[in-house]
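Examination of the molecular architecture
Here are the chains, one letter per residue:
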Amino acid sequence: MKAKRSTRPSFPEQDTLVSPSTPMLEQHFEEILEAVEEIHNLSGALRVIPLDDKNRDEYEGRLYAALTHLDHHVKPAIKEWDRVVDRMPED
């Protein structure tokens, strides 16, 4: 007879962002950090690009895409975080 596997999250390695964590939560965090960096860089570029510059539309489109990407990962990360916390034993 096989032993039943525990469904409790295991404690993460030292290099994880949140403890305890799950691979899914860590993946969302990585995507969030990448999107935030892209948003930061594009925002800085848009601050110095003149309003009549032909490249401005491209940068604004990329900023919108980065914001959408961020939104796509923030909501599931919050949901996964709540799930992880709910499964933690009470102290």
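We now turn to the structure provided with this report. It should be emphasised that the depicted structure is a prediction, and the values quoted were computed from it without experimental measurement. (Residues numbered from 1 in each chain as written. Predicted model: local features only at pLDDT ≥ 70, side-chain atom pairs only at ≥ 80, totals over all residues. Heavy atoms only, no water.)

1. Quick word on the pattern of salt bridges
Inclusion rule: Salt bridges are defined as contacts in which a side-chain nitrogen from Lys or Arg sits within 4 Å of a carboxyl oxygen from Asp or Glu. To qualify as a helix, a DSSP run of H or I must reach at least 4 residues; to qualify as a strand, a run of E must reach at least 2; elements of each kind are numbered from the N terminus.
This model, assessed by the stated rule, comprises 5 salt bridges. As a salt-bridge pair, Glu 38 and Arg 62 come within 3.4 Å of each other at their nearest N and O atoms. With Glu 38 in helix H1 (residues 23-48) and Arg 62 in helix H2 (residues 56-87), this pair connects stretches of sequence that are 24 residues apart. We note a salt bridge from Glu 60 to Arg 56, for which the minimum N-O separation is 3.1 Å. With Glu 60 and Arg 56 both in helix H2, this residue pair falls 4 residues apart, about one helical turn. Within the structure, one salt-bridge network assembled from shared partners comprises Glu 38, Glu 58 and Arg 62.

2. With respect to a nonpolar patch on the surface
The line we're drawing: Each patch groups residues whose relative accessible area exceeds 30% and which form no salt bridge, using 9 Å between like charges and 5 Å between nonpolar side chains of Val, Leu, Ile, Met, Phe, Trp and Tyr. Only the protein chains shown count as cover for residues, and all accessible areas are computed by the Shrake-Rupley method using a 1.4 Å probe. Here the term buried applies to any residue with accessible area under 20% of the maximum for its type, exposed to any over 50%, and partly exposed to those in between, with areas from a 1.4 Å probe on protein chains only.
Judged by side-chain polarity, Trp 81, Val 85 and Met 88 come together as a nonpolar surface patch covering roughly 250 Å² of accessible area. Here Val 85 is to be found in helix H2. For Val 85, a relative accessible area of 40% translates into the label partly exposed.

3. Notes on H1
The line we're drawing: Any helix carries an expected span of 1.5 Å times its number of residues minus one. Residue contacts are defined here by distance: any two heavy atoms, one from each residue, within 4.5 Å place the two residues in contact.
Here H1 contains 26 residues, and its C-alpha end-to-end distance of 38 Å stays within 8% of the 38 Å for a straight helix at 1.5 Å per residue. For H1, the set of buried residues is Leu 25, Glu 26, His 28, Phe 29, Ile 32, Ala 35, Ile 39, Leu 42, Ala 45 and Leu 46. The elements touched by buried residues of H1 are H2.

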